[in-house]
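What the coordinates show
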Amino acid sequence: MRSKAWAQTWSVMRLAMAALIIAAVVAQLAKSLSTAAELGRDVGTTLANFFSFFTILSNSLTAVVLIWAAVWFFTRGRQADAEPPALALSLACVTTYMIITGVVYNLLLRQIELDQGSAPIPWSNEVLHLIGPLFLLADLFVGPLRRALPWRAVWAIIAFPILWVLYTMLRGSLVTNPVTGDPYWYPYPFLNPYGSGGWSTVMFWIVVISTAFLVLATLIVWWGRRVGAERELDHLTGDHLEDEWGEARQAEVEGR
């Protein structure tokens, strides 16, 4: 699976998956905005709310990174031994986000209709919450030309979810729900402090899901260190990996 033929095949599949994700996001966005317009709701708020869902953000980032990975392979990667450090880190990030998206949705939210402006489009919903996450899980194990990451990459991976939670909690009480008219809007019920559980329930789920992000990010970096391209390194100790990472990053910058 590490052959050039496999790398080319998987790069095409990455492009196809990116196209499917983009189509799913655009289809749901179009329905949400058209429904808001038809019912006289605030279209601007509906648009902002749509792109405040972690699902939409993680899938959008995933589409960008998958396209980047494929374009890099077809333009520069055919003769490379490993993907560039920035791409390696980006793949680790979106893999973490998508797997968490799939797990949280299918365990906690599948039977709940969220305030995204309209009812979900079935095929789009499955792409964003099931097919996409499963593809990124497969990509983790069979994606070609993987580069090992230093352990500090874990903190880079979880930075975005932390910022998203801060944004969500700060914004929530400042937005009027365009669907219900409530003087607040939170993308997911477990983050809504105005719900029956109040702030104690919100804090519980923030801690649980944050822990899940940290554990999964650590596992993804650990896996990458086992199968990454720096095979001459001792991946149990990480000897010289920091030096190799720095040299690769410098080469990437100079090559731009």
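First, a word on what this report is: a plain description of the structure on this page. (Residues numbered from 1 in each chain as written. Predicted model: local features only at pLDDT ≥ 70, side-chain atom pairs only at ≥ 80, totals over all residues. Heavy atoms only, no water.)

Another aspect to go through is the packing of aromatic side chains. Going through the model one piece at a time under the given rule, you end up with 21 aromatic pairs. Taking the centre distance of 5.7 Å and the plane angle of 75 degrees together, the rings of Phe 54 and Phe 213 count as edge-to-face. Pair noted here: Phe 54 is in helix α3 (residues 54–75) and Phe 213 is in helix α7 (residues 198–227), with a separation of 159 residues, a long-range link. Its relative accessible area of 7% is what places Phe 54 among the buried residues. Ring geometry for Tyr 184 and Tyr 186: centres 6.4 Å apart, planes at 40 degrees, overall tilted. Each member of the pair, Tyr 184 as well as Tyr 186, is classed as buried. (Phe/Tyr/Trp six-rings, centres within 6.5 Å; stacked < 30°, edge-to-face > 60°. Helix = DSSP H or I, 4+ residues; strand = E, 2+ residues; numbered from the N terminus. Buried < 20%, exposed > 50% of the residue type's maximum accessible area, 1.4 Å probe, protein only.)

Further remarks concern the packing of α3 against helix α6 (residues 153–172). For the pair α3 and α6, interaxial distance at closest approach is 12 Å and the crossing angle is 150 degrees. Here the hand of the crossing between α3 and α6 comes out right-handed. Mapping the contact onto sequence places Phe 54, Leu 57 and Leu 61 in α3 and Phe 160, Pro 161 and Trp 164 in α6. The residue inventory of the contact of α3 with α6, partitioned by class, reads six nonpolar, no polar and no charged. (Axes fitted to C-alpha atoms, helices over the stretch in contact; angles between N-to-C directions. Left-handed = near helix turned anticlockwise from the far one by under 90°. Contact = heavy atoms within 4.5 Å. Nonpolar A, V, L, I, M, F, W, Y, C, P; charged D, E, K, R; others polar.)

Moving on to the environment of Arg 78. Note on placement: Arg 78 falls in the loop between α3 and α4 (85–109). Expressed as a C-alpha distance, the spacing of Arg 78 and Gln 8, which sit 70 residues apart in the sequence, is 8.3 Å. The residues contacting Arg 78, other than those within four sequence positions of it, are Lys 4, Gln 8 and Phe 73.

Looking at where Arg 147 falls in the secondary structure, it is placed in the loop between α5 (122–142) and α6. A polar contact is formed between the side chain of Arg 147 and the backbone oxygen of Glu 83, at a distance of 2.6 Å. (Polar contact = N/O pair within 3.5 Å; in protein donor to acceptor, adjacent residues only side chain to side chain.)

Moving on: unusual backbone geometry. Note: most peptide bonds trans; most residues except glycine with negative phi. Within the chain, Leu 145 stands out as a residue other than glycine whose phi angle is a positive 60 degrees. On the secondary structure map, Leu 145 appears in the loop between α5 and α6. For Leu 145, a relative accessible area of 11% translates into the label buried.

For the structure on display, the rule yields three salt bridges. Asp 139 is the partner of Arg 14 in a salt bridge, and the nearest nitrogen-oxygen pair spans 2.8 Å. One end of the pair, Arg 14, is in helix α1 (residues 4–38); the other, Asp 139, is in helix α5, and 125 residues separate them in sequence. Classification of Arg 14 as buried rests on a relative accessible area of 3%. Glu 126 is the salt-bridge partner of Arg 110, the closest N and O atoms lying 3.0 Å from each other. One end of the pair, Arg 110, is in the loop between α4 and α5; the other, Glu 126, is in helix α5, and 16 residues separate them in sequence. Overlapping salt bridges bring together Arg 14, Asp 139 and Arg 146 as one network. (Salt bridge = Lys/Arg side-chain N within 4 Å of Asp/Glu carboxyl O.)

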